[in-house]
Amino acid sequence: QKEVEQNSGPLSVPEGAIASLNCTYSDRGSQSFFWYRQYSGKSPELIMSIYSNGDKEDGRFTAQLNKASQYVSLLIRDSQPSDSATYLCAVNRGSTLGRLYFGRGTQLTVWP
Amino acid sequence: NAGVTQTPKFQVLKTGQSMTLQCAQDMNHNSMYWYRQDPGMGLRLIYYSASEGTTDKGEVPNGYNVSRLNKREFSLRLESAAPSQTSVYFCASEDKGSYEQYFGPGTRLTVT
């Protein structure tokens, strides 16, 4: 079983809609969770970090964490064409200092 | 404040040639990482350095060596390049308190 799994996509939503990206992880001891955005041909860019159960909001982005279900999600409200990118979920398992495990990413397209 | 810088941006090698990819960060981070990214494979960890003077293997270390020259610089060396090493290479550094990793712009390497 892969450590971090994401819905494979691609995901396509109209402008103004809510995009929902999902991620599950296998190690119950995982402690830190991250969402990265990667535009085509560019490097991953950190957009959200979450460490405790519940929701964390930053502008149009909301990260949700449920450690009991081993599930983390990213909601993008009022999606814009500029949000079109691949979104990577990353998990720090805690047992190996600082090591992040990445999912393979979900490609999001927001059409006008 | 440049963040994480990498050189070169692009490189073409012939099989058997050697080269060193350079990475530097100006965020005073202790931990630094080298990843490769291939289509459909996601980000895979090659080597990491938790602090100056220490290095450890990641998921795919074969064919690579690293040097943590000082706190700022972490280099990746390919001693005898193979076509299987054609990839995009990213360097990252990590904030100790948050475990957030910040990526450089990447090196696109082609081995023919």
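Up top you'll find the structure we're talking about.
Residues numbered from 1 in each chain as written. Chains lettered and ligands numbered in written order. Predicted model: local features only at pLDDT ≥ 70, side-chain atom pairs only at ≥ 80, totals over all residues. Heavy atoms only, no water.

Caption draft 1: Region of the structure containing the overall build of chain B. For chain B, the helix and strand inventory stands at zero helices and 11 strands. Ordered by position from N to C terminus, the α and β elements of chain B give β-β-β-β-β-β-β-β-β-β-β. Whereas a compact globule of 112 residues would reach a radius of gyration of roughly 13 Å, chain B reaches 13 Å, a difference of no more than 12%. By its C-alpha atoms, chain B is 40 × 25 × 25 Å across when sized along the principal axes. Relative to its full complement of 112 residues, chain B shows a buried share of 49%. Taking the contacts inside chain B whose residues are at least 6 apart along the sequence as the reference set, 54% of them involve residues at least 24 apart. Distance between charge centres in chain B, computed from 11 positive and 10 negative side chains, equals 7 Å. (Helix = DSSP H or I, 4+ residues; strand = E, 2+ residues; numbered from the N terminus. Rg over C-alpha atoms; globule rule 2.2 N^0.38 Å. Buried < 20%, exposed > 50% of the residue type's maximum accessible area, 1.4 Å probe, protein only. Contact = heavy atoms within 4.5 Å. Lys, Arg positive; Asp, Glu negative; His and termini not counted. Charge placed at Lys NZ, Arg CZ, Asp CG, Glu CD.)

Caption draft 2: Here's a closer look at the interface of chain A and chain B. Taken residue by residue, the interface counts 20 residues in chain A and 22 residues in chain B. Between chain A and chain B the total buried area reaches about 1,600 Å² when both faces are included, carbon and sulfur atoms providing 54% of it. Our count for the contact surface shared by chain A and chain B stands at zero salt bridges. Our enumeration of links across chain A and chain B arrives at six residue pairs in polar contact (both at pLDDT 80 or more). In terms of residues, the side of chain A that touches chain B owes the most to one element, strand E4 (residues 32-38) of chain A, which gives four residues. Its residues assigned to classes, the side of chain A that touches chain B shows nine nonpolar, eight polar and three charged. (Buried area = accessible area lost by both parts, 1.4 Å probe. Salt bridge = Lys/Arg side-chain N within 4 Å of Asp/Glu carboxyl O. Polar contact = N/O pair within 3.5 Å; in protein donor to acceptor, adjacent residues only side chain to side chain. Nonpolar A, V, L, I, M, F, W, Y, C, P; charged D, E, K, R; others polar.)

Caption draft 3: Representation of the state of the cysteines in the model. The full count for this structure, using the stated rule, is two disulfides over all chains. Shown here is the disulfide that connects Cys 23 of chain A with Cys 89 of chain A, its sulfur atoms set 2.1 Å apart. Its torsion about the S-S bond being -75°, the disulfide of Cys 23 of chain A and Cys 89 of chain A is classed as left-handed. Here Cys 23 of chain A is found in strand E3 (residues 19-25), whereas its partner Cys 89 of chain A is found in strand E9 (residues 85-92), with 66 residues between them in sequence. We note that Cys 23 of chain A, like Cys 89 of chain A, is buried. Shown here is the disulfide that connects Cys 23 of chain B with Cys 91 of chain B, its sulfur atoms set 1.9 Å apart. The sign of the -70° torsion about the S-S bond sets the Cys 23 of chain B-Cys 91 of chain B disulfide as left-handed. In this pair, Cys 23 of chain B is assigned in strand E3 (residues 19-25) and Cys 91 of chain B in strand E9 (residues 87-94), connecting sequence segments 68 residues apart. For the residue pair Cys 23 of chain B and Cys 91 of chain B, the accessibility class agrees, reading buried in each case. (Disulfide = S-S within 2.5 Å.)

Caption draft 4: Seen up close, the sheet that holds strand E8 (residues 74-78) of chain B. All names here are of chain B. Read from one edge to the other, the open sheet built from four strands follows the order E1-E3-E8-E7, with strand pairing classed as antiparallel. The sheet is open, and its two borders are formed by strand E1 (4-7) and strand E7 (64-68), each paired with just one other strand. The average undirected angle you get between the axes of adjacent strands in this sheet is 20°. Across four bridges, the pairing between E1 and E3 is antiparallel. Note that in E3 the partner of Thr 7 across the bridge is Gln 22. (Pairing = 2+ DSSP bridges. Axes fitted to C-alpha atoms, helices over the stretch in contact; angles between N-to-C directions.)

Caption draft 5: Seen up close, unusual backbone geometry. The residue after Thr 7 of chain B, namely Pro 8 of chain B, is reached through a cis peptide bond having omega -5°. When you line up the elements, Pro 8 of chain B lands in the loop between E1 and strand E2 (10-13). In this model, Gln 70 of chain A sits at a positive phi of 55°, which is unusual for a non-glycine residue. You can see Gln 70 of chain A is positioned in the loop between strand E7 (61-66) and strand E8 (71-76).

Caption draft 6: Expanded view of the layout of surface pockets. Considered as a void within the structure, the largest pocket measures approximately 510 Å³ in volume. Contributing to the lining of the largest pocket are 25 residues, with Gln 38, Gly 41 and Thr 86 of chain A together with Gln 37 and Pro 39 of chain B lying nearest its centre. For the lining of the largest pocket, the secondary-structure elements that each account for two or more residues are E9 and strand E11 (106-111) of chain A together with strand E4 (31-38) and E9 of chain B. Split by residue class, the lining of the largest pocket holds eight nonpolar, 13 polar and four charged. For the second largest pocket, the lining is made up of 14 residues, of which Lys 2 and Phe 102 of chain A together with Leu 43, Arg 44 and Glu 59 of chain B are closest to its centre. (1 Å grid on protein atoms, 1.4 Å probe; cavity = no way out; pocket = protein on both sides within 12 Å on 5 of 7 lines; lining within 4 Å. Points joined across faces, edges and corners; volume = space filled by probe spheres on them.)

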